[in-house]
Amino acid sequence: QVQLVESGGGLVQPGGSLRLSCAVSGIPRIVFNRYSMGWYRQAPGKQRELIAAFTSVGSTNYADSVKGRFTISRDNAERTVFLQMNSLNPEDTSVYYCNVLFRNDNYWGQGTQVTVSS
């Protein structure tokens with residue numbers, strides 16, 4: 001059973017930083033790096049959007065709205081994916097979710113709230 005657990009969200013002032021973590025279980029460590037993983041976010045009344053991702057070949061993609069401010073990384077030994085978020089602004093306020101595509105099934109975490117406000 002694949003499970004994803006996000007953490008690291010919270011309240012931060014504009015211009016601040018947060019680091020989100022997504023701990024994954026149920027995928028063997030030896031193959032963990034083979035699977036696409038991404039961070040999504042969903043603000044109230046808006047569709048869920050992909051903001052950062054690792055492809056199955058290890059390259060990274062970013063949405064234009066976060067490019068240059070957010071960085072996705074992973075620790076394959078710990079089966080954890082991170083999202084470093086810098087220069088946060090109020091438009092980044094959302095629930096952030098991590099996702100993995102494993103054996104043709106999409107798995108999601110429960111989400112972590114990020115609020116950017118003074």
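Above: the structure in question.
Predicted, not measured: the structure shown is a model, and the values here were computed from it.

What follows is about unusual backbone geometry. Of note, the phi angle at S87 is positive, near 50 degrees, even though the residue is not glycine. Counting through the fold element by element, S87 comes out in the loop between β8 (80-85) and β9 (94-102). On the basis of relative accessible area, S87 is assigned to the partly exposed category, the value being 42%. For R103, which is not a glycine, the phi torsion comes out positive at approximately 50 degrees.

The next point concerns the environment of L18. Along the chain, L18 falls in strand β3 (residues 18-25). Residues contacting L18, with those up to four places away along its chain left out, are G8, G9, G10, V12, L83, Q84, M85, L88 and V114.

A few words now on the packing of aromatic side chains. All told, the structure shown has three aromatic pairs when counted by the stated rule. Arranged with centres 4.9 Å apart and planes meeting at 70 degrees, the rings of Y35 and F102 form a pair that is edge-to-face. Of this pair, Y35 sits in the loop between β3 and β4 (37-42) while F102 sits in strand β9; the two residues are 67 residues apart in sequence, bridging distant segments of the chain. Per residue, the accessibility class of Y35 equals that of F102, and both read buried.

Another aspect to go through is the state of the cysteines. If you walk through the whole model with that rule in mind, you get one disulfide. Across the disulfide, C22 is cross-linked to C98 (sulfur-sulfur distance 1.9 Å). Its S-S torsion of about 60 degrees marks the bond between C22 and C98 as right-handed, since a negative value means left-handed. Residue C22 is found in strand β3, and its partner C98 is found in strand β9; the two are separated by 76 residues along the sequence.

Turning our attention to the pattern of salt bridges. Summed over the entire model, instances satisfying the criterion amount to four salt bridges. With a closest N to O distance of 2.9 Å, D92 and R41 form a salt bridge. Of this pair, D92 sits in the loop between β8 and β9 while R41 is found in strand β4, placing the two residues 51 residues apart along the sequence. By relative accessible area, which is 1% here, D92 ends up buried. Ionic pairing is found between D64 and K67, a salt bridge with its closest N-O pair at 3.2 Å. Judged by its relative accessible area of 65%, D64 falls in the exposed class. The network of salt bridges with shared partners includes R41, E49, R69 and D92.

Inspection of the secondary structure assignment puts R74 in strand β7 (residues 70-75). We note that R74 is buried and unpaired, the nearest opposite charge coming from D75 at a distance of 8.6 Å. Among the polar contacts made by the side chain of R74, one reaches the main-chain carbonyl oxygen of F32 at a distance of 2.9 Å. Among the polar contacts listed, one links the side chain of R74 to the side chain of N76, at a separation of 3.0 Å. Look past the residues within four positions of R74 in its chain and what remains in contact with it is F32, N33, Y35, M37, F54, T80, V81 and F82.

Reading the values: the criteria
- Residues numbered from 1 in each chain as written.
- Predicted model: local features only at pLDDT ≥ 70, side-chain atom pairs only at ≥ 80, totals over all residues.
- Heavy atoms only, no water.
- Helix = DSSP H or I, 4+ residues; strand = E, 2+ residues; numbered from the N terminus.
- Buried < 20%, exposed > 50% of the residue type's maximum accessible area, 1.4 Å probe, protein only.
- Contact = heavy atoms within 4.5 Å.
- Phe/Tyr/Trp six-rings, centres within 6.5 Å; stacked < 30°, edge-to-face > 60°.
- Disulfide = S-S within 2.5 Å.
- Salt bridge = Lys/Arg side-chain N within 4 Å of Asp/Glu carboxyl O.
- Lys, Arg positive; Asp, Glu negative; His and termini not counted.
- Polar contact = N/O pair within 3.5 Å; in protein donor to acceptor, adjacent residues only side chain to side chain.

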